[in-house]
Amino acid sequence: MKYLCVFGNPIAHSLSPLIHNFALAKLGLPFMYGRFCLDNGKDLKNTFFRLNLSGANITVPFKEHALSQADELDSLAQEIGAVNTLVLESSGKLKGYNTDASGFVESIRDFMPNPDFAPRTAKSALVLGAGGSAKAVACILTKYGLEVQVANRSKRDFYASRGIEYCLFSELEARDFDIVINATSASLQGELPLPKNLLSEIFTRSKLAYDLMYGKNLTPFLALAKDCHIDYKDGKDMLLWQAAKALVLFISAENTSNLYQEHQIYALMSQAINSHKA
């Protein structure tokens, strides 16, 4: 039996064990997936090996810790500066990947630059927050040609080094953004990432509000978007896509004889989510 888990803090809300274990059982693969609440990001690598893991997903607030503690990095993870997936290679080295970026893109395909979806195609985005998830979203949207602005409580040099517009929350002004993405942890505390009046004004000039967090009820961020009569989306679909991509990496590292497709695993994980809702 091989063991996998998700590291985060808080972590009790995570649906990762549910969707991974459902997919693994349906595929008949000898893995078990759990969750671990990590107190200190510096202990990530040691805890990975102490738990005898074959792979792990990394969530808030440890994606940058994972980057620094991986022995090797996938090129995308290195470019983004954040790791959300750790895989134990046959060499015994820990390799870091980022499946958040491509998972996010999959979840908003209708809004990405595409002639077939011209009425909804996004040209600009505001990313609130500057941690590991924000890095993934900002970098991948920039790659797709969107004009991206990142806003955060404190200054981060990373974004300037990537040529991405950056400002402090205190400097942020309302203007037209096609997509507004909440990559802060405010929703976990039941709070808004910005003052309500400012966020409302931004929403009224936007097409889509996207919260990377998810739950049974609308987050305060998405509830406000609904009140402003714009499209809104939580992070469940991104969770499913990044998880499906990560699970392919976990399985591949074990040299299993069968190769599994992301779409197949995504469908199984979606089934797990829908069953959980019911």
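The structure under discussion appears in the preceding block.
Fair warning: this is a prediction, and the values are worked out from it, not measured in the lab. (Residues numbered from 1 in each chain as written. Predicted model: local features only at pLDDT ≥ 70, side-chain atom pairs only at ≥ 80, totals over all residues. Heavy atoms only, no water.)

Undergrad: Whenever I open this one, the nonpolar core confuses me. Can you help?
TA: Buried together is how nonpolar side chains tend to be arranged in soluble globular proteins. Formed by 33 residues in total, the largest nonpolar core has its most connected members in Phe104, Val127, Leu141, Val150, Tyr159 and Ile181. Among the elements of the structure, helix H5 (100–107), strand S7 (124–128), helix H6 (132–143), strand S8 (147–152), helix H7 (157–161), strand S10 (179–182) and strand S11 (208–211) are those that each provide at least two residues to this core. Here the element with the most residues in this core is H6; it accounts for seven residues. Excluding its chain neighbours within four sequence positions, the residues that come into contact with Val150 are Val127, Gly129, Ala130, Ala138, Tyr159, Ile164, Glu165, Tyr166 and Cys167. With 32 residues, the next largest nonpolar core counts Ala23, Leu239, Leu240 and Leu268 among its residues. (Core = buried A, V, L, I, M, F, W, Y, C linked by side-chain atoms within 4.5 Å. Buried < 20%, exposed > 50% of the residue type's maximum accessible area, 1.4 Å probe, protein only. Helix = DSSP H or I, 4+ residues; strand = E, 2+ residues; numbered from the N terminus. Contact = heavy atoms within 4.5 Å.)

Undergrad: For this particular structure, what's the right way to read the environment of Ala246?
TA: On the secondary structure map, Ala246 appears in helix H10 (residues 236–253). Separated by 147 residues in sequence, Ala246 and Thr99 have C-alpha atoms that sit 6.4 Å apart. Not counting chain neighbours up to four residues away, the residues in contact with Ala246 comprise Asn57, Thr85 and Thr99.

Undergrad: Explanation requested: the pairing of strand S2 (residues 31–37) in the structure shown.
TA: Within a regular strand, side chains alternate between the sheet's two faces. With seven bridges connecting them, strand S1 (residues 2–8) and S2 associate as parallel partners. Pairing of Gly8 across the sheet is with Cys37, part of S2. Following the chain from S1 across helix H1 (residues 16–27) to the adjacent parallel S2, one finds a crossover that is right-handed. (Pairing = 2+ DSSP bridges. Right-handed = clockwise from strand over helix to strand, strands pointing away.)

Undergrad: So what exactly am I meant to see when it comes to the packing of H5 against H10 here?
TA: Axes are the key here: two packed helices are described by the angle between their axes and the distance separating the axes. Between H5 and H10, the least distance of the axes is 8 Å, while the angle of their chain directions is 130 degrees. Looking at the two axes, H5 sits oblique to H10. Once H5 is placed against H10, the crossing between them reads as right-handed. Of H10, the residues touching H5 (which contributes Asp100, Ser102, Gly103, Phe104, Glu106 and Ser107) are Asp237, Met238, Trp241, Gln242 and Lys245. Looking at the contact of H5 with H10, its residues break down into three nonpolar, four polar and four charged. (Axes fitted to C-alpha atoms, helices over the stretch in contact; angles between N-to-C directions. Parallel < 35°, antiparallel > 145°, perpendicular 65-115°, else oblique. Left-handed = near helix turned anticlockwise from the far one by under 90°. Nonpolar A, V, L, I, M, F, W, Y, C, P; charged D, E, K, R; others polar.)

Undergrad: Just to check I follow, could you spell out a nonpolar patch on the surface for this structure?
TA: Nonpolar side chains collect at one region of the surface, where Met1, Tyr3 and Met32 lie side by side and expose about 330 Å² of accessible area between them. By secondary structure assignment, the location of Met1 is in the segment before S1. Given the relative accessible area of 58%, Met1 is considered exposed. (Patch = residues over 30% accessible without salt bridge, like charges linked within 9 Å, V, L, I, M, F, W, Y side chains within 5 Å. Areas by Shrake-Rupley, 256 points an atom, 1.4 Å probe, with all protein chains shown as cover. Salt bridge = Lys/Arg side-chain N within 4 Å of Asp/Glu carboxyl O.)

Undergrad: Mind showing me how you'd approach unusual backbone geometry here?
TA: What is expected of a backbone is that most residues other than glycine have negative phi and most peptide bonds are trans. Of the consecutive residues Asn9 and Pro10, the connecting peptide bond is found in the cis state with omega at 5 degrees. Its location among the elements puts Pro10 in the loop between S1 and H1. Note that the residue after Val60, namely Pro61, is joined by a cis bond; omega there is 5 degrees. For His229, which is not glycine, the phi dihedral falls at a positive 60 degrees. By the secondary structure assignment, His229 is in the loop between helix H9 (220–227) and strand S12 (231–233). Residue classification places His229 among the exposed residues on the basis of a relative accessible area of 73%.

Undergrad: Is there a simple way to think about the sheet that holds S11 in this case?
TA: Strand pairing within a sheet occurs via backbone hydrogen bonds; the two strands may be parallel or antiparallel. If you walk across this open sheet you meet the six strands as S9-S8-S7-S10-S11-S12, and the pairing is parallel. Of all strands in the sheet, those bounded by a partner on one side alone are strand S9 (165–168) and S12. Adjacent strand axes in the sheet meet at a mean angle of 15 degrees when their direction is disregarded. Both S7 and S8 contribute to a ladder of five bridges, which runs parallel. Along S8, the bridge assignment pairs Val127 with Val150. Of the strands in this sheet, S7, S10, S11 and S12 touch H9, which is tilted by about 165 degrees from S11.

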